[in-house]
Amino acid sequence: MASAAFGFKAYTLFDTLLWIACLNILWIIFTVLGGVVLGCGPSTVAAHILVREKVRGDAVPLVRRFAREYFKNFGKGNALGLPVLMVGVALVLNWGYFSAGWDFGSQVASAAIFVAALFAAGACCYLFPMFARYTLPLPQYFLMSSRFAMRHLAGTAILLFVTAAAVFVCRSVPGLIPFFGVGAWLYVTGWLCDRFFAANDHAMAAGEAVGTEVLVTPAAATPATAAPAVRREGNLV
């Protein structure tokens with residue numbers, strides 16, 4: 001009995017690792033297909049939709065579903081991804097400029113930019129999983145992911161730690177990048193965000209206060225009519 005349980009857990013682990021590797025390869029292929037800049041957002045959207053279905057135990061054809069979600073959400077994915085890329089580039093360039101200065105003003109500015117970058121990275125970790133779970137007007141995803149990041153600091157700290165760990169591992173072992181570099185980060189952050197959102201939805205449904213105020217009423221996030229029911233839910237933060 002014990003050996004059977006161990007064998008099942010080992011099979012599940014290797015099956016998940018293989019799934020993550022395939023997701024990673026698909027993300028790279030479709031990102032390149034979109035010219036990298038225009039492919040990154042839709043690929044990340046498609047990946048998080050599949051991650052959410054995976055963690056919920058729904059088996060779907062990985063390649064066909066990824067391609068379907070990629071092309072279906074190509075415009076929305078870029079509407080989410082391009083602002084993230086522009087903000088990221090602006091923060092990196094400004095931090096590089098001010099951190100090179102030795103005067104007090106430059107050091108204060110570089111520190112402020114670093115803090116802003118941490119906040120932006122935390123909000124970004126919620127952004128695409130939020131799109132995979134909720135139906136909102138596109139601008140609301142930026143607002144709600146930012147507010148969720150601020151209201152749930154413990155979860156945000158965990159997501160930032162996972163992101164830093166993924167960057168460290170990829171820099172230390174570059175050979176992992178084609179197979180697990182992005183896919184593992186997408187899977188872990190998607191899994192965590194699904195738990196955070198579910199806990200928040202449960203607390204709202206039970207009438208418990210999450211933080212000091214309700215960020216969005218349940219009516220503000222409406223279920224999608226065309227998308228599968230597993231993808232969208234009606235509550236948000």
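So, here is what we can say about the structure in this document.

1. A few points about the environment of Val 45
Positionally, Val 45 belongs in helix H2 (residues 37–55). For Val 45, a relative accessible area of 1% corresponds to the buried category. Along the chain, Val 45 and Leu 127 lie 82 residues apart, while their C-alpha atoms are 9.5 Å from each other. Beyond its immediate sequence surroundings of up to four residues, Val 45 is in contact with Asn 73, Gly 77, Leu 80, Phe 128 and Phe 131.

2. Regarding the environment of Ser 146
With respect to the helices and strands, the residue Ser 146 is situated in helix H6 (residues 138–151). In this structure the C-alpha to C-alpha distance between Ser 146 and Cys 125, which are 21 residues apart in sequence, comes to 9.8 Å. The residues touching Ser 146, leaving out its near neighbours within four places in the chain, are Phe 119 and Ala 123.

3. Remarks on the packing of aromatic side chains
A ring pair, where both rings are aromatic, is described by two values, the distance of the centres and the angle of the planes. This model, assessed by the stated rule, comprises 12 aromatic pairs. Ring centres 6.3 Å apart and planes at 75 degrees place the aromatic pair Phe 30 and Phe 71 in the edge-to-face group. Linking Phe 30 in helix H1 (residues 2–33) with Phe 71 in helix H3 (residues 62–72), this pair joins segments that are 41 residues apart in sequence. Residues Tyr 97 and Phe 98 carry aromatic rings whose centres are separated by 5.1 Å and whose planes lie at 80 degrees to one another, so their mutual orientation is edge-to-face. Since its relative accessible area comes to 63%, Tyr 97 is described here as exposed. An aromatic cluster of at least three residues, connected via ring pairs, comprises Phe 30, Phe 66, Tyr 70, Phe 71 and Phe 74.

4. Details of the side chain of Asp 201
Positionally, Asp 201 belongs in helix H8 (residues 177–205). Judged by its relative accessible area of 7%, Asp 201 is buried.

5. Here we look at H6
Compared with an ideal rise of 1.5 Å per residue, which puts 14 residues at 20 Å, H6 spans 20 Å between its outermost C-alpha atoms and is within 8% of the ideal. Among the residues of H6, Tyr 141, Met 144, Ser 145, Phe 148 and Ala 149 are the ones counted as buried. An end-on view of H6 places all buried positions within 135 degrees of arc, on one side of the element. Among the exposed residues of H6, those oriented more than 90 degrees off its buried face are Pro 139 and Met 150. Contacts from the buried residues of H6 go to helix H4 (74–99), helix H5 (104–133), helix H7 (153–172) and H8.

6. Quick word on the packing of H5 against H6
Look at H5 against H6: their axes get within 8 Å of each other, and the N-to-C directions meet at 125 degrees. Considering the angle they form, H5 stands oblique to H6. Note on packing geometry: the crossing formed by H5 with H6 is right-handed. Taken together, the residues of H6 that come into contact with H5 (itself represented by Phe 119, Gly 122, Ala 123, Tyr 126, Leu 127, Met 130 and Phe 131) are Leu 138, Tyr 141, Phe 142, Met 144, Ser 145, Ser 146, Phe 148, Ala 149 and Met 150. Grouping the amino acids of the contact of H5 with H6 by side-chain chemistry returns 13 nonpolar, three polar and no charged.

7. Quick look at the packing of H4 against H6
Between H4 and H6, whose axes approach to 10 Å, the crossing angle comes to 45 degrees. In terms of axis orientation, H4 runs oblique to H6. Crossing angle aside, the handedness with which H4 passes H6 is right-handed. Every residue of H6 that contacts H4 at Lys 76, Ala 79, Leu 80, Pro 83 and Val 84 is listed here: Leu 138, Tyr 141 and Phe 142. Here the residues of the contact of H4 with H6 are counted per class, giving seven nonpolar, no polar and one charged.

8. Comments concerning the pattern of salt bridges
All told, the structure shown has seven salt bridges when counted by the stated rule. One salt bridge connects Arg 195 with Asp 194, and the closest N-O pair in it is separated by 3.6 Å. The class of Arg 195 is partly exposed, set by a relative accessible area of 36%. Taken together, the shared-partner salt bridges in this structure form one network comprising Arg 52, Arg 133, Asp 194, Arg 195 and Asp 201.

About the cut-offs
Along each chain, residues carry numbers from 1 onward, in the same order as the chain's sequence is written. Reporting in this predicted model follows two pLDDT cut-offs: at least 70 for local features of residues, and 80 or more for side-chain atom pairs to be given and counted; totals over whole chains, interfaces and linings ignore these cut-offs and use all residues. Here the side-chain values reflect all heavy atoms present in the structure, with hydrogen atoms and water set aside. Only DSSP runs of H or I reaching four residues or more are called helices, and only runs of E reaching two or more are called strands; each is numbered from the N terminus. Think of it in three bands: with a 1.4 Å probe and only protein chains considered, a residue is buried below 20% of the maximum accessible area for its type, exposed above 50%, and partly exposed in between. The contact definition used throughout considers only heavy atoms, calling two residues in contact when any of these lie within 4.5 Å. What counts as a ring pair is set by centres within 6.5 Å for rings of Phe, Tyr and Trp (its six-membered ring), and what kind of pair is set by the plane angle: stacked under 30 degrees, edge-to-face over 60, tilted for all other angles. The span you would expect from a helix comes to 1.5 Å times its residue count less one. Directions drawn from the helix axis to the C-beta atoms are what define this arc. Axis angles are defined between N-to-C directions and span 0 to 180 degrees, where every axis is a line fitted to C-alpha atoms and, for a helix, only to the segment in contact. Put simply, angles under 35 degrees are roughly parallel, angles over 145 are roughly antiparallel, angles from 65 to 115 are roughly perpendicular, and the rest are oblique. Crossings are sorted by hand: turned counterclockwise from the far helix by less than a right angle, the near helix makes the crossing left-handed, and turned clockwise it makes it right-handed. Amino acid classes used here: Ala, Val, Leu, Ile, Met, Phe, Trp, Tyr, Cys and Pro are nonpolar; Asp, Glu, Lys and Arg are charged; the rest, including Gly, are polar. Any Lys or Arg side-chain nitrogen found within 4 Å of a carboxyl oxygen on Asp or Glu counts as a salt bridge.

Note that all results are geometric; they support no functional claim without further evidence.
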